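# Examination of the molecular architecture
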Amino acid sequence: MVYRVLNNIALKNVNNNIISNISTDLLVIPVNKKVTSSSEFKELDKKSKGYLLKSSKDALNPGNQNHLVSALEGIKAKKILLMQDLNEKDDIYLWLNKYKHIAKVANSMNCKSMAILDGQCYPKGKDQSWFLEMISRSIESGAYIFSTTKNKTAKTEKIGKQVVSSQVSLKNVSIITSKLSSTEIKKAKTAILRGFSVGEGVNTAKHLGDLPANHATPKLIEKIVKNTTKQYSGLKVKTLNEKDLAKLKMGSYLSVSKGSDEPPRMIIIEYKGGNKSEKPLALVGKGITFDTGGISIKPSSGMDEMKWDMCGAGTVFGVMCSLARIKANVNVVGIMACAENMPSARATKPGDVVTSMSGQTIEVLNTDAEGRLVLADALTYVGRYNPSYVIDMATLTGAVVIALGSHASGVMANNQFLADKIIESGEETGDRAWQLPLWNEYKSCTKTNFADLANIGGGREAGTIHAAAFLSKFAEDYKWAHMDIAASAWSSSPKGGTGRPVSLICDLILNKKLK
Ligand code: BES
Ligand code: MN
Ligand code: ZN
């Protein structure tokens, strides 16, 4: 199942200034000087007998971000939202927030359709294509509301003191541009399709994360992923079950699922849109469908959040769906390393030593440091694909929440070019990432008297880097980066997946920054 919220995002290019004829539930007009002096706006304003121009001044009051106007005679749109536009110096995250918010406004007013005028004011250094892609992605992802396990009849619900919509009403969006040439129209359509498709990937990742752990076990995720391949001819799925993993000698991976009644699944998705000879880029995602901590059990408060411990795998799935929809001409292999981490009489105990697929033995000093155990074997396995680059994504450490907070994912790499490109794509998409060092000094912590490596080390110091240092021992044969998304992949208030870093990874792949 692909999680697309909207039916369609279309381009509406007008050549004769007529916007008053556009039928829509909500017409959104960004208010800036360019817009109010345009012939399109003047046409509308004339129909409103000057009311829109007057109201647009209200929308520009600093304390007044949006101004809603009800139906006006001579204008087909049922409502008009005059939206205070941003200015080219404003940060990209403000642009993203603005358009995500617009989708939420449309849902809250029960609108089925929305038309947005391109205000022709873009952040510094960005062009119309960037803008159209960003709007499409933000509207698709902003319209998302999780409702799979909720009452289907309620229209609104109370979360704390806030009343919010509990169902998506928005279906069709159009973006209005004016006087584009046929080449420009083609370019604009490509940008919109990209943004919409990436937004769909973002929502796919959010949805998988938001599903409760009993609705998204490794086996159920396998089913969801397999159903998806039916929708996209470009995706090939292969899954490895417990027996397969044992045959591959993935003792590290299997030590995590050992205490659970839910068997593990390693799900491999291949997308071949590029030249046959081109090495694939590999994406590896931590897919712990629920992390209790195992025998090193976690405190009960807030433990429900550990249903999002599969967001790395969710990102892999989301990105693969987006690439297939865009029909990108690249080769990518995605691995979702799914398992449930539970305590039981059969569970791995602190001090147990297991043998990884790489042959290195690992002393499991803390069963709550389980993500690195599944990733270790997944990283070894992915070497078989002779990848050009490998990027793993994992909700790996609480320490990254302290180090960077939720505004940036953490990046650590054995290849600086790759780290630089990841950070660049983060800037481009507003899905930011920031690097932490991975010097050899940090790697000594993995020493123990009883195995080649221990799965924890360093005490309270630099937990995020020590986790990456452990992973680096399984990624020596290729160019690799690790992204710690424990803070960025979901939000605790309001609770929900964010779909990060799908946008970043898609930008990295689509703009071929890795060649
Ligand atoms: N899934 C958690 C990381 C996590 C914790 C994400 C809190 C978001 C919020 C991971 O498996 C974990 O438990 N990590 C431990 C590692 C420690 C035992 C070395 C942590 O960060 O506390
Ligand atoms: Mn854990
Ligand atoms: Zn975990």
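Read on for an overview of the structure. Treat the numbers as computed from the prediction; the structure is a model and nothing was measured. (Residues numbered from 1 in each chain as written. Chains lettered and ligands numbered in written order. Predicted model: local features only at pLDDT ≥ 70, side-chain atom pairs only at ≥ 80, totals over all residues. Heavy atoms only, no water.)

### Structural notes on the overall build of the chain
The helix and strand tally for the chain stands at 15 helices and 21 strands. For 515 residues, the compact-globule estimate of 2.2 N^0.38 gives 24 Å, and the C-alpha radius of gyration of the chain, at 24 Å, lies within 12% of that figure. Projecting the C-alpha coordinates of the chain onto the three principal axes gives extents of approximately 85 × 50 × 45 Å. Looking at the 515 residues of the chain, the share that counts as buried comes to 58%. About 21700 Å² of surface is accessible on the chain, with carbon and sulfur atoms providing 51% of the total. Taking the average location of the 68 positive side-chain charges in the chain and that of its 48 negative ones, the two points are 7 Å from each other. (Helix = DSSP H or I, 4+ residues; strand = E, 2+ residues; numbered from the N terminus. Rg over C-alpha atoms; globule rule 2.2 N^0.38 Å. Buried < 20%, exposed > 50% of the residue type's maximum accessible area, 1.4 Å probe, protein only. Areas by Shrake-Rupley, 256 points an atom, 1.4 Å probe, with all protein chains shown as cover. Lys, Arg positive; Asp, Glu negative; His and termini not counted. Charge placed at Lys NZ, Arg CZ, Asp CG, Glu CD.)

### Side note on the coordination of the zinc ion (ligand 3)
When a metal holds four donors in a tetrahedron, each ideal angle between them is 109.5 degrees; when it holds six in an octahedron, the ideal angles are 90 or 180 degrees. Lys286 (NZ), Asp291 (OD), Asp309 (OD) and Glu370 (OE) make up the full set of protein donors to the zinc ion (ligand 3), lying at 2.0 to 2.4 Å. Note that the zinc ion (ligand 3) binds 6 donor atoms; their angles at the metal cover 78 to 173°, and the shape is octahedral. Each donor residue of the zinc ion (ligand 3) lies on the same chain, and together they follow the pattern K-x4-D-x17-D-x60-E. A separation of 3.2 Å is found between the zinc ion (ligand 3) and the manganese ion (ligand 2), both of which receive a donor from Asp291. (Donors = N, O, S within 2.8 Å, 3.2 Å for Na, K, Ca; no water. Tetrahedral: all angles 85-135°; square planar, octahedral: opposite > 155°, others 65-115°.)

### Focus on the site of ligand 1
Around ligand 1 sit 16 residues in total, of which Lys298, Asp309, Asp368, Glu370 and Gly398 are the nearest. A distance of 2.8 Å separates an oxygen atom of ligand 1 from a polar atom in the side chain of Asp368. Between ligand 1 and Glu370, the relevant distance is 2.8 Å, taken from an oxygen atom to a side-chain nitrogen or oxygen of the residue. Relative to its unbound accessible surface of 510 Å², ligand 1 loses 75% to contact with the protein. (Near = heavy atom within 4 Å. Polar contact = N/O pair within 3.5 Å; in protein donor to acceptor, adjacent residues only side chain to side chain.)

### Quick look at the sheet that holds strand E17 (residues 433-435)
A sheet is described by the order of its strands in space; here 8 strands give the open sequence E9-E10-E12-E11-E15-E19-E16-E17, paired in mixed fashion. Only two strands of the sheet have a single neighbouring strand rather than two, namely strand E9 (235-240) and E17. On average, adjacent strands in this sheet sit at an angle of 20° to one another, irrespective of strand direction. Here strand E16 (residues 409-413) runs beside strand E19 (residues 480-484); their pairing, made up of 4 bridges, is antiparallel. By the bridge assignment for E19, Ala413 is matched with Ala481. (Pairing = 2+ DSSP bridges. Axes fitted to C-alpha atoms, helices over the stretch in contact; angles between N-to-C directions.)

### Details of unusual backbone geometry
The step from Ser493 to Pro494 runs through a cis peptide bond, and the omega angle for that step is -5°. Here the amide bond leading from Arg500 into Pro501 is cis, since omega sits at 0°, within 30 degrees of zero. Look at Gln120: it is not a glycine, yet its phi comes out positive at around 55°. Take Gln120: its relative accessible area is 36%, and that puts it in the partly exposed class.

### Describing the coordination of the manganese ion (ligand 2)
Of the protein atoms, only Asp291 (OD), Asp368 (O), Asp368 (OD) and Glu370 (OE) coordinate the manganese ion (ligand 2), at distances of 2.1 to 2.2 Å. Note that the manganese ion (ligand 2) binds 6 donor atoms; their angles at the metal cover 71 to 167°, and the shape is irregular. Going along the chain, you hit the donors of the manganese ion (ligand 2) in the pattern D-x76-D-x1-E.

### With respect to helix H10 (residues 311-326)
Residue pairs spaced three or four apart in an α-helix point in one direction, given the helix's 3.6 residues per turn. For H10, spanning 16 residues, the distance from its first C-alpha to its last is 22 Å, which sits close to the expected 22 Å at 1.5 Å a residue. Along H10, 16 of the 16 residues are buried, which leaves the element largely enclosed by surrounding structure. Downstream of H10 by one or two residues, Lys327 has phi in the positive range, about 60°. (Expected span 1.5 Å × (residues − 1).)

### With respect to the pattern of salt bridges
The full count for this structure, using the stated rule, is 20 salt bridges. Arg4 is the partner of Glu200 in a salt bridge, and the nearest nitrogen-oxygen pair spans 2.9 Å. A residue pair is termed long-range when its members are at least 10 positions apart, and Glu200 in helix H6 (residues 182-210) and Arg4 in the segment before strand E1 (8-14) qualify at 196 residues. What makes Glu200 buried here is its relative accessible area of 0%. Between Lys286 and Glu370 there is a salt bridge whose closest N-O contact spans 3.0 Å. Here the residue Lys286 occupies a position in strand E11 (residues 281-291), and Glu370 occupies one in the loop between strand E14 (361-364) and helix H11 (371-382), the gap between them amounting to 84 residues. Lys286 gets classed as buried once you look at its relative accessible area, which sits at 1%. (Salt bridge = Lys/Arg side-chain N within 4 Å of Asp/Glu carboxyl O.)

### Details of the packing of aromatic side chains
Counted under the stated rule, the structure contains 9 aromatic pairs. Seen in terms of ring centroids, Tyr122 and Phe131 are 4.8 Å apart; in terms of plane orientation they differ by 45°. Their pairing is tilted. Each member of the pair, Tyr122 together with Phe131, is buried. With 6.4 Å between their ring centres and 65° between their planes, Tyr381 and Tyr385 make a pair best called edge-to-face. Take Tyr381 and Tyr385: they sit in the same class, and that class is buried. One cation-aromatic arrangement involves Lys307 over Trp308; the distance from NZ or CZ to the ring centre is 4.6 Å. If you follow Arg325 out to its NZ or CZ, it ends over the ring of Phe196, 4.4 Å from the centre. (Phe/Tyr/Trp six-rings, centres within 6.5 Å; stacked < 30°, edge-to-face > 60°. Lys NZ or Arg CZ within 6 Å of the ring centre and 35° of its normal.)

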